[in-house]
There are 2 protein chains.
Amino acid sequence: MKMLSIRSVGLSLSLEKGLPLGSGLGSSAASAAAAAVAVNELFGRKLEVKDLVLAGLESEAKVSGYHADNIAPAIMGGFVLIRSYDPLELMSLQFPVEKDLIFVLVSPDFEAPTKKMRAALPAEIGMSHHVWNCSQAGALVASVLQGDLVGLGKALSSDKIVEPKRAPLIPGMEAVKKAALQAGAFGCTISGAGPTAVAVVDSEGRGVEVGERMVEAFWKEGNLKAVAMVRRLDRVGARLVGSVPR
Amino acid sequence: MKMLSIRSVGLSLSLEKGLPLGSGLGSSAASAAAAAVAVNELFGRKLEVKDLVLAGLESEAKVSGYHADNIAPAIMGGFVLIRSYDPLELMSLQFPVEKDLIFVLVSPDFEAPTKKMRAALPAEIGMSHHVWNCSQAGALVASVLQGDLVGLGKALSSDKIVEPKRAPLIPGMEAVKKAALQAGAFGCTISGAGPTAVAVVDSEGRGVEVGERMVEAFWKEGNLKAVAMVRRLDRVGARLVGSVPR
């Protein structure tokens, strides 16, 4: 509202949230995105997408740190590469419209210890791992732009820096990844800081099957109940879906 | 020749080399690429591109270490992303055919101390620099595929890990980079381990101008004589340009 130069109005928002909290799915960013877009719509849609991301960033900073990993794609849709923060530079990476991309999101009933998850990240990274992960980042970008699901899945599964440190902290995660790949997923990794596991497939039917195998693996190997969601890539981002006339 | 299953033939190659040695332009790979392609042509062109790269890699291993940074694009042309070595996985990144990409290569008369250049690389990299360089790698790949020269130049100029360590070892390099950008180059960095500086522009005319400014800067700030070359992106790689009938 400050960005809209509106100072004299009180505003109450009620939020219906379709995401579990603390799951690694970026649910705080989803709320921030919804609020930013809703307020902008209410007051004449004067802000551009980038301003909405900046507004959302302020809100994210208070909840989960100043980073646009979740808020940028939540507002812009699709894949977003964050090029720099100062100034904020975002690149939309368009996944070809004629191709389907389906995510399988499996959230176990487990509170990922955020502090432990953060502490698990190494402060320093060896040169060979750095070069490897840079290559995978490049391959991920190329695969997204070219709609190459095999390449995308492989890049997603190839992290040598973060995933190997965090996966052991989530009971069953390694088995879940194996189960997803065996069931035909193109790739699988931890979503955000976890505990949700994310896999990519090319059809909803395959997604349901992969999800079942992943839920089983969480139960068998991690002794955790888990819930699977199968979701298509959203290319639009947060938007007004309806409004009640005054 | 081993890969072609040819064991009983002696072969003598004579090489006309158009590149300075030890310049950071990958001249050893250029020789290896020429040899691999020439031998393959002589013996019935039985090897595929990937085999030629593998053959070239063996030769590179003896001269400058087992890496495909130079040999892969020398054989394949264009931009190549090395995804992994074991097994060797290469991704060709096609720069849009309708766009022009020109490199300005300025080689100073200076022997870059290879050992010092290698020792200048940090063994460990801080997380924030790692994330930054990964972003730039992703942005570089996206810019190549989209033919975005501004983005490509910016990514090229944004290395926070290697260039800041090596540039101070090449007299005048920092001034050369500034001069290139001021003269309208989209980006500028060290080519390979140096001492050559490489800048990108979109026309040969601009390239000549940028090259002159860079040569001046090497002289004024580094007290080094330098030679500029202006070259268009080669999209084909090493090939037979003619043969003498037997």
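In this convention, every chain numbers its residues from 1, walking through the sequence in written order. Lettering of chains starts at A and numbering of ligands starts at 1, both following the order in which they are written. Under the rules for a predicted model, residues below a pLDDT of 70 receive no local features and side-chain atom pairs below 80 are neither given nor counted, while totals for whole chains, interfaces and linings still include all residues. Processing note: side-chain calculations cover all non-hydrogen atoms of the structure and skip hydrogens and water entirely.

Threshold: UniProt positions are given in the numbering used here, feature names are shortened, and annotations may be inferred rather than shown by experiment.
The name that an unreviewed UniProt entry assigns to chain A is Homoserine kinase, with the source organism given as Salix udensis. Listed under Catalytic activity (unreviewed entry) in UniProt, the entry text for chain A is "L-homoserine + ATP = O-phospho-L-homoserine + ADP + H(+)".

1. Considering the packing of helix α5 (residues 127-146) of chain B against helix α6 (residues 149-156) of chain B
Residues and elements named next belong to chain B. Short version of the rule: What counts as an axis is a line fitted to C-alpha atoms, over the stretch in contact for a helix, and the angles between N-to-C directions run from 0 to 180 degrees. A run of H or I in DSSP becomes a helix once it reaches four residues, and a run of E becomes a strand once it reaches two; helices and strands are each numbered from the N terminus. Note that the term roughly parallel is reserved for angles under 35 degrees, roughly antiparallel for angles over 145, roughly perpendicular for angles of 65 to 115, and oblique for everything else. Crossing handedness follows the turn of the near helix against the far one: under a right angle anticlockwise gives a left-handed crossing, and clockwise gives a right-handed one. Residue contacts follow a heavy-atom distance rule, with two residues in contact if any of their heavy atoms lie within 4.5 Å.
For the pair α5 and α6, interaxial distance at closest approach is 8 Å and the crossing angle is 150°. Taken as axis vectors, α5 and α6 run roughly antiparallel relative to one another. In terms of crossing hand, the pair formed by α5 and α6 is left-handed. For the pair α5 and α6, the contacting residues are Gln136, Ala139, Leu140, Ser143 and Val144 in the first and Gly151, Leu152 and Ala155 in the second.

2. Focus: the pattern of salt bridges
Residue and element names in this part refer to chain A. We count it as follows: For salt bridges, the criterion is a side-chain nitrogen of Lys or Arg within 4 Å of an Asp or Glu carboxyl oxygen.
A full pass over the atoms with the stated rule returns 16 salt bridges over all chains. The residue Glu204 makes a salt bridge to Arg232 at a minimum N-O spacing of 3.2 Å. Taken together, the residues Glu204 in helix α9 (residues 204-222) and Arg232 in strand β7 (residues 226-232) connect sequence positions 28 residues apart. A salt bridge links Arg213 to Glu216; the shortest N-O distance between them is 3.1 Å. With Arg213 and Glu216 both in helix α9 and 3 residues apart, this pair spans about one turn of that helix.

3. Considering a nonpolar patch on the surface
To keep things clear, this is the line we draw: Without a salt bridge and with relative accessible area above 30%, a residue can belong to a patch; like charges are then joined within 9 Å and nonpolar side chains (Val, Leu, Ile, Met, Phe, Trp, Tyr) within 5 Å. Methods summary: accessible areas were calculated by the Shrake-Rupley approach with a probe of 1.4 Å, and residue burial reflects only the protein chains presented.
Together, Met1, Val9, Leu11, Leu13 and Leu42 of chain A line one region of the surface with nonpolar side chains, adding up to about 410 Å² of accessible area. With respect to the helices and strands, the residue Leu13 of chain A is situated in the segment before α1 (27-42).

4. A look at the UniProt feature "domain: GHMP kinase C-terminal" (unreviewed entry) in chain A
The UniProt record marks residues 142-218 of chain A with the feature "domain: GHMP kinase C-terminal" (unreviewed entry), using the residue numbering of this structure. From the first C-alpha to the last, residues 142-218 of chain A spans 32 Å; its make-up is 55% helix and 12% strand.

5. Things to note about α1 of chain A
Convention followed: Take the number of residues in a helix, subtract one, and multiply by 1.5 Å to get its expected span. Here the term buried applies to any residue with accessible area under 20% of the maximum for its type, exposed to any over 50%, and partly exposed to those in between, with areas from a 1.4 Å probe on protein chains only.
The end-to-end C-alpha distance of α1 of chain A, which contains 16 residues, comes to 23 Å, matching closely the 22 Å that a straight helix rising 1.5 Å per residue would cover. Among the residues of α1 of chain A, Ser27, Ala29, Ser31, Ala32, Ala33, Ala36, Val37, Val39 and Asn40 of chain A are the ones counted as buried.

6. Some details on the interface of chain B and chain A
We count it as follows: Accessible area that two parts lose when put together, evaluated with a 1.4 Å probe and summed over both, is termed the buried area.
Every contact between the two is made by 32 residues of chain B and, on the other side, 32 residues of chain A. Both faces considered, chain B and chain A share a buried interface measuring about 2,500 Å² in area, 60% of it formed by carbon and sulfur atoms. Our count for the contact surface shared by chain B and chain A stands at 2 salt bridges. The shortest N-O distance in the salt bridge between Lys154 of chain B and Glu89 of chain A comes to 2.5 Å.

7. Details of the sheet that holds strand β3 (residues 102-108) of chain B
Two modes of strand pairing occur in sheets, parallel and antiparallel, and in both the strands are linked by backbone hydrogen bonds. All names here are of chain B. Spelled out, the test is: The rule for pairing is simple: two strands pair if DSSP sees at least two bridges between them.
Read from one edge of the open sheet, 4 strands run β5-β6-β3-β7, paired in antiparallel fashion. Only two strands of the sheet have a single neighbouring strand rather than two, namely β5 (187-190) and β7 (226-232). Direction aside, the axes of adjacent strands within the sheet are offset by 20° on average. Sheet topology places β3 next to β7; 7 bridges connect them, and they run antiparallel. Bridging across to β7, Ile102 finds its partner in Arg232.

8. A look at helix α8 (residues 173-182) of chain B
Structural remark: α-helix, 3.6 residues per turn; residues separated by three or four positions point the same way. Residues and elements named next belong to chain B. What counts is decided by this rule: Throughout, the arc means the angular range of directions from the helix axis out to the C-beta atoms.
Residues of α8 that are buried include every one of Met173, Val176, Lys177, Ala179 and Ala180, and no others. All buried residues of α8 project into a common sector of 165° when viewed along the axis, lining one side. Turned more than 90 degrees from where α8 packs its buried face, Glu174, Lys178 and Gln182 sit exposed. Residues of α8 that are buried sit in contact with α7 (163-166), β5, β6 (197-201) and α9 (204-222). The positive-phi residue at the C-terminal boundary of α8 is Gly184, with phi of around 105°.

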